[in-house]
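# Topology and contacts: notes
Next come the chains, spelled out residue by residue.
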Amino acid sequence: MASEKPYLAVTCTAPVNIAVIKYWGKRDEELILPINSSLSVTLHQDQLKTTTTAVISKDFTEDRIWLNGREEDIGQPRIQACLREIRRLARKRRSGDEEDPLPLSLNYKVHVASVNNFPTAAGLASSASGYACLAYALARVYGVESDLSEVARRGSGSACRSLYGGFVEWQMGEQADGKDSVARQVAPESHWPELRVLILVVSAEKKLTGSTVGMQTSVETSPLLRFRAEAVVPARMAEMIRYVKERNFQGFGELTMKDSNQFHATCLDTFPPISYLNDTSRRIIHLVHRFNAHHGQTKVAYTFDAGPNAVIFTLDDTVAEFVAAVRHSFPPESNGDKFLKGLPVKPGRLSDELKAALGMDPTPGSIKYIIATQVGPGPQILDHPHAHLLGPDGLPKPTV
Ligand code: DP6
């Protein structure tokens, strides 16, 4: 085609999400279809995000990908699934639309580079933001405008929830081809401005059992997981959506904790058992319950994914006091790392009554640091050419 552009670069960012009703277990490993619906909160990209550049050019001879500056194997099945899916959608669009505004060749190879603004070593999951960002960037360069749930989901199930800001539901769907297994926004990021999120980074160690293998074993061996998916989650989804819509923190917080606990119970019910929580995680759980008991209501809530880090939900008026309680129970070690990162937190005071109520001997250094953040928007396009991680030659720009 004479009008074809020889080169197109797009850079975008995508957020991390944290599930308050957990996804655990697939009914189709290939298509990544879940055994239950799930619901998550999208975290703000000022604190946690993936940035991805995708470039297509008629001069590229092969697809290539760089993650955090290192070239990785583009042949990884999940990356291949995303690429295949996006090219299929692009082809479908072309054949249905004669007046294509972006007549770029589908046969062009793509180069992709992706970086996270948070340390991978912190043990924070990056696959959700990573695959959401990949899907979003690929869609832009190949001119795909349809729903991207399927593309992101084929990278990592939870990634489809990172395609939207605010509060997001991943409907499990019923169809065998997964066409109805899609993410949709329940409420936008502006819906609950008082809501705050604290990530308590507990350990930098790599986890023993990854989510993919872990949930596979759970599906095969845990009767509790089956019960959870069939008899518990459907009602919890409806309940959680209602709490979000009503901005009911009591309900939201309590159900978030119960669902996290049930997820970890299904892990213990898996054979051989899986345990993602460590002693520090359990001490955080204890601290949260003591803190709430002291106040006579649910003022903070925890949730844990496939690792020991805690994600805490609370309202802005409680952040300072809760952070003071964390400092008291887990005094930072002077390791040169700033203990509080992200949104500013006012210094809080702990009353003697609350100190006594916490009733815990301090364990210094077991929480490495805290990231304070809030609910945030979905993927964004970065227009400025400076934002591109790949140069005009399609290779990573040298980092300064
Ligand atoms: C515990 O989405 O990482 O974080 O689909 O195999 O890539 P795959 O798994 P992944 O699992 C996330 C599990 C979880 C709960 C959740 O985010 O809902």
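Coordinates for the structure precede this section.
Notes on the structure in this doc start here. (Residues numbered from 1 in each chain as written. Predicted model: local features only at pLDDT ≥ 70, side-chain atom pairs only at ≥ 80, totals over all residues. Heavy atoms only, no water.)

## As for helix α6 (residues 249-269)
Between the first and last C-alpha of α6 there are 30 Å, a value that for 21 residues agrees with the 30 Å anticipated at 1.5 Å per step. For α6, the N-terminal cap is N248; the gap from its side-chain oxygen to the backbone nitrogen of Q250 is 3.2 Å. (Helix = DSSP H or I, 4+ residues; strand = E, 2+ residues; numbered from the N terminus. Expected span 1.5 Å × (residues − 1). Polar contact = N/O pair within 3.5 Å; in protein donor to acceptor, adjacent residues only side chain to side chain.)

## A look at the packing of helix α7 (residues 279-295) against helix α8 (residues 319-329)
Look at α7 against α8: their axes get within 11 Å of each other, and the N-to-C directions meet at 130 degrees. Classed by the angle they form, the pair α7 and α8 counts as oblique. Like other packed secondary-structure pairs, α7 and α8 cross with a definite hand, here right-handed. From α7, L287, V288, F291 and H295 reach across to α8, where they touch E321, F322, A325, V326 and S329. Residues of the contact of α7 with α8, tallied by class, amount to 6 nonpolar, 2 polar and 1 charged. (Axes fitted to C-alpha atoms, helices over the stretch in contact; angles between N-to-C directions. Parallel < 35°, antiparallel > 145°, perpendicular 65-115°, else oblique. Left-handed = near helix turned anticlockwise from the far one by under 90°. Contact = heavy atoms within 4.5 Å. Nonpolar A, V, L, I, M, F, W, Y, C, P; charged D, E, K, R; others polar.)

## Some details on unusual backbone geometry
Leaving glycine aside, a negative phi is the common case for residues, and trans is the common case for peptide bonds. Here the amide bond leading from F271 into P272 is cis, since omega sits at -5 degrees, within 30 degrees of zero. Among the secondary structure elements, P272 is positioned in the loop between α6 and α7. The residue N68 is not glycine, and still its phi comes out positive at about 45 degrees. Here N68 lies in the loop between β7 (64-67) and β8 (70-72).

## Details of the site of the ligand
Not every one of the 18 residues close to the ligand is listed here, only the nearest: Y23, K26, R78, S156 and S158. In the environment of the ligand, an oxygen atom lies 2.7 Å from a nitrogen or oxygen atom belonging to the side chain of R78. A distance of 2.8 Å separates an oxygen atom of the ligand from a polar side-chain atom of T212. (Near = heavy atom within 4 Å.)

## Some points on the sheet that holds strand β12 (residues 195-201)
Here we have 5 strands laid out as an open sheet, ordered β13-β14-β12-β16-β15, and mixed in their pairing. Strands with a single pairing partner mark the edges of an open sheet, and in this sheet they are β13 (300-303) and β15 (340-342). Averaged over all neighbouring strand pairs, the angle between strand axes comes to 25 degrees, with direction disregarded. Pairing analysis gives 3 bridges linking β15 to strand β16 (residues 369-374), with the strands arranged parallel. Note that in β16 the partner of G342 across the bridge is A372. The strands touched by α6 are β12, β13 and β14 (310-315); relative to β13, the strand with the most contacts, the crossing angle is about 25 degrees. (Pairing = 2+ DSSP bridges.)

## Considerations on the sheet that holds strand β1 (residues 7-15)
Spatially, β8-β7-β9-β6-β1-β17 is the arrangement adopted by the 6 strands of the open sheet, whose pairing is mixed. Whereas interior strands pair on both sides, the edge strands pair on one side only; in this sheet they are β8 and β17 (380-382). Averaged over all pairs of adjacent strands, the angle between strand axes in this sheet comes to 25 degrees, irrespective of strand direction. Pairing analysis gives 8 bridges linking strand β6 (residues 49-57) to strand β9 (residues 109-116), with the strands arranged antiparallel. Bridge assignment links T51 to a residue of β9, and that residue is V115. Running over the sheet, helix α2 (residues 127-142) touches β1, β6, β9 and β17 and is turned about 150 degrees from β1.

## Things to note about the nonpolar core
The biggest cluster of nonpolar side chains holds 51 residues, and the ones touching the most others in it are W24, I86, V110, L138, Y142 and L148. Looking at which element gives the most residues to this core, the answer is α2, with 11 residues. (Core = buried A, V, L, I, M, F, W, Y, C linked by side-chain atoms within 4.5 Å. Buried < 20%, exposed > 50% of the residue type's maximum accessible area, 1.4 Å probe, protein only.)

## Structural notes on the environment of A137
Mapped onto the secondary structure, A137 falls in helix α2. Sequence separation between A137 and K245 is 108 residues; the distance between their C-alpha atoms is 31 Å. Once residues within four sequence positions are removed from consideration, A137 is found in contact with V10, C12, T52 and A54.

## Some remarks on the packing of aromatic side chains
Two numbers describe a pair of aromatic rings. These are the distance of the centres and the angle of the planes. Tallied over the entire structure, the rule returns 11 aromatic pairs. With a centroid separation of 4.8 Å and an interplanar angle of 55 degrees, the aromatic rings of W24 and F263 are classed as tilted. Of this pair, W24 sits in the loop between β2 (17-21) and β3 (26-28) while F263 sits in helix α6, and the two are 239 residues apart along the sequence. Judged on exposure class, the residue W24 and its partner F263 are both buried. Judged by centre distance (6.2 Å) and plane angle (45 degrees), the rings of F249 and F252 are tilted. Highlighted residues: F249 and F252, both in helix α6, separated by 3 residues, approximately one helical turn. Residue classification places F252 among the buried positions, given a relative accessible area of 0%. Connected via pairs of aromatic rings, a cluster forms that spans F167, W192, F249, F252 and F313. (Phe/Tyr/Trp six-rings, centres within 6.5 Å; stacked < 30°, edge-to-face > 60°.)

## Here we look at helix α5 (residues 223-246)
Spacing of three or four residues puts side chains on the same side of an α-helix, whose turn is 3.6 residues. Between its first and last C-alpha, α5 extends 34 Å over 24 residues, near the 34 Å set by a 1.5 Å rise per residue. When the local axis directions of α5 are compared, the greatest deviation, roughly 50 degrees, occurs at V232, which is followed within four positions by the proline P234. L225, R228, A229, V232, V233, R236, M237, M240, I241, Y243 and V244 are the residues of α5 that are buried. Looking at the buried positions of α5, the neighbouring elements they touch are β2, β5 (38-42), β10 (167-170), β11 (183-187), α4 (211-221) and α6. (Bend = angle between axes of the 7 residues up to and from the residue.)

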